[in-house]
Amino acid sequence: MFFHLILTTKCDLKCKYCYEKSCEDIDSDFGDFEIDYSVPSRISYDLETLEAFLSKDTEPSLIFYGGEPMLCIEDIKRIMDRIKAKSFVVQTNGLHLKKLEPEYLNKFDTIFVSIDGDENLTDFYRGKGVYRKVVENVNFVRKIGFRGEIVARMTVMEQTDIYNQVLWLLNNPDCSFSSVHWQIDAGFWKTDFEKRPFAKWVEESYNVGIRRLVRFWVEHMEKYGRVLRIYPFLGVVESLLKGEPSLLRCGSGWANYSIQTDGHIIPCPIMGGMKDFYLGHIENSHPLRLKKVFVGFPCTTCEIRYECGGRCLYANLTKRWSSEAYALVCKTVKNMIDCLKAVVPRIKQLIYEGKISFSDFNYTKYNGCEVIP
Ligand code: SF4
Ligand code: SF4
């Protein structure tokens, strides 16, 4: 089982789509959901309890998460020293990687680094100078011989030209990422939709860019025999090739759970303090017998639910955006899936000819990557 360990609720950046929006959204209510605002900012359980909980799972995988988890480097080291895990993953803003000794960095299977594209765009969203610091840290991780996967993890919104920014991250001259993933800033906040030109951007920029990017991805396979690791495409195409339906692809609530700082277990890392979704506590729960939480309407009746999987449990349950607004997000999913379905025959032909292989589409599931943007 995969577990996000939320090490802290604090972060040292003030990104536009996270910190800024949380300030704007501060007075909005969560409807009937009961929120516990007293969850501590750092872990308050002892590692003995965590170890005892995880020891009931023979193959736990741990994803360090925050806030910014690398503000708690000593906790990361203590946990890595003590817990026997199948794999360790971190989702980080990338500013502190250099502070962790190589022996620990090299224990990570995957490092998700937040970066939104080129220097101008990343610094616009995340703050001046952030891009250069992240690049310096990623280069350091490569220099010490890290062999795992480094995923450039973008958040995208109206200033993002998805085609150019994904391509730029894949080919950028400053540092080398193994893969690129992104998530659209949509459905997380209550009050942002009406202030944003979201519909226009989706129609005129994002959906057009995705169509171009899928064409580029397949042409690249045809020309060079190489499958670029663009996560949303890999995940969907792997399922289409296998003919397998998918549940929620991030795994939240059924293959991936989160342990908040006080030891309560929640379905998804951003559902901290949502008491209605507390699924137990590490003191008295079994990691393999946790209640499963699945997406509800409208995903349950959606024509592409088995290809999409439901996109986001948090957005589905909390319904922060109106159904009309969220329908625009679903249109982006449908657009991407339609484009990918259209190129599957060409991909099958390339596999048949031996130019690429089925295994080129493999990826580690439920390690914190949402897959559907
Ligand atoms: S496209 Fe929208 S409604 Fe359909 S499964 Fe995905 S998130 Fe749910
Ligand atoms: S996609 Fe949604 S449910 Fe899944 S981890 Fe992200 S916020 Fe949570």
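First, a word on what this report is: a plain description of the structure on this page. In this text the structure is predicted, and so the values were computed from the model without any measurement.

The rules behind the values
- Residues numbered from 1 in each chain as written.
- Chains lettered and ligands numbered in written order.
- Predicted model: local features only at pLDDT ≥ 70, side-chain atom pairs only at ≥ 80, totals over all residues.
- Heavy atoms only, no water.
- Near = heavy atom within 4 Å.
- Nonpolar A, V, L, I, M, F, W, Y, C, P; charged D, E, K, R; others polar.
- Helix = DSSP H or I, 4+ residues; strand = E, 2+ residues; numbered from the N terminus.
- Buried < 20%, exposed > 50% of the residue type's maximum accessible area, 1.4 Å probe, protein only.
- Contact = heavy atoms within 4.5 Å.
- Core = buried A, V, L, I, M, F, W, Y, C linked by side-chain atoms within 4.5 Å.
- Axes fitted to C-alpha atoms, helices over the stretch in contact; angles between N-to-C directions.
- Parallel < 35°, antiparallel > 145°, perpendicular 65-115°, else oblique.
- Pairing = 2+ DSSP bridges.
- Phe/Tyr/Trp six-rings, centres within 6.5 Å; stacked < 30°, edge-to-face > 60°.
- Lys NZ or Arg CZ within 6 Å of the ring centre and 35° of its normal.

1. Section: the site of ligand 1
Then comes step 1: By nearness alone, every residue bordering ligand 1 is listed as C299, C302, I304, R305, C308, G310, R311 and C330.
Then comes step 2: Across the shell around ligand 1, the residue classes tally to five nonpolar, one polar and two charged.

2. Some points on the environment of M1
Then comes step 1: Relative to the helices and strands, M1 is located in the segment before β1 (2-6).
Then comes step 2: Residue class for M1 comes out partly exposed when judged on its relative accessible area of 24%.
Then comes step 3: For the pair M1 and D57, spaced 56 residues apart in the sequence, the C-alpha separation amounts to 7.3 Å.

3. Some thoughts on the site of ligand 2
Then comes step 1: Every residue lining ligand 2 is accounted for by Q183, F188, C250, S252, C268, I270, R311, C312, L313, Y314 and E370.
Then comes step 2: When the residues that make up the shell around ligand 2 are grouped by side-chain class, the tally is seven nonpolar, two polar and two charged.

4. Quick look at the environment of D118
Then comes step 1: Relative to the helices and strands, D118 resides in the loop between β4 (108-114) and α5 (119-126).
Then comes step 2: Taking the C-alpha atoms as reference, D118 lies 6.8 Å from W168; in sequence the two are 50 residues apart.
Then comes step 3: Setting aside anything within four residues of it in sequence, one finds D118 in contact with Y131, Q165 and W168.

5. Side note on helix α7 (residues 162-171)
Note that an α-helix has 3.6 residues per turn; residues three or four places apart therefore point the same way.
Then comes step 1: For α7, the full list of buried residues reads I162, Y163, Q165, V166, L167 and L169.
Then comes step 2: Tucked inside the fold, the buried residues of α7 contact α5, β5 (149-156), β6 (179-184) and α8 (198-224).

6. Considerations on the nonpolar core
Then comes step 1: Residues F64, F108, W182, W217, I347 and F361 are the most contacted members of the largest nonpolar core, which totals 127 residues.
Then comes step 2: No other element matches helix α12 (residues 323-352), which puts 13 residues into this core.
Then comes step 3: Among residues more than four places away in sequence, those in contact with F361 are W217, M221, V227, L234, V237, E238, L241, I347, I351 and I356.

7. Section: the packing of α7 against α8
Then comes step 1: At a closest axis distance of 8 Å, the pairing of α7 and α8 adopts a crossing angle of 40°. When the interaxial angle is binned, α7 and α8 end up oblique. In this structure, α7 contributes I162, Y163, V166 and L167 to the contact, and α8 contributes Y206, G209, I210, R212, L213 and F216.
Then comes step 2: Looking at the contact of α7 with α8 residue by residue, the classes come out as eight nonpolar, one polar and one charged.

8. Points about the side chain of K77
Then comes step 1: Checked against the element boundaries, K77 lands in helix α3 (residues 73-82).
Then comes step 2: Residue class for K77 comes out buried when judged on its relative accessible area of 13%.

9. Some remarks on the sheet that holds β5
Then comes step 1: Taking strand neighbours across the sheet as the criterion, the eight strands line up as β6-β5-β4-β3-β2-β1-β7-β8 in an open arrangement whose pairing is mixed. Both edges of this open sheet fall to β6 and β8 (265-266), since each of them pairs with a single strand only.
Then comes step 2: Pairing between strand β2 (residues 61-65) and strand β3 (residues 87-92): four bridges, direction parallel. Within β3, the position partnered with F64 by the bridge is V90.
Then comes step 3: Across the face of the sheet, α3 comes into contact with β1, β2, β3 and β4 while running at roughly 175° to β2.
Then comes step 4: Helix-sheet contacts for helix α6 (residues 130-143) involve β4 and β5, and the interaxial angle to β4 is about 165°.

10. Looking at the packing of aromatic side chains
Then comes step 1: Evaluation of the coordinates by the stated rule reveals 20 aromatic pairs.
Then comes step 2: The interplanar angle of 80° and the centroid separation of 6.2 Å between the aromatic rings of F64 and F108 together place this pair among those described as edge-to-face. In this pair, F64 sits in strand β2 while F108 sits in strand β4, placing the two residues 44 residues apart along the sequence.
Then comes step 3: Where F124 meets Y125, the ring centres are 5.6 Å apart and the plane angle is 50°; that geometry is what we call tilted.
Then comes step 4: By relative accessible area, which is 39% here, F124 ends up partly exposed.
Then comes step 5: Judged by relative accessible area, which is 1%, Y125 ranks as buried.
Then comes step 6: Linked through ring pairs, F193, F198, W201, Y206 and W321 together constitute an aromatic cluster.
Then comes step 7: Across the ring face of F124, the terminal group of K16 is positioned such that the distance to the ring centre comes to 4.8 Å.

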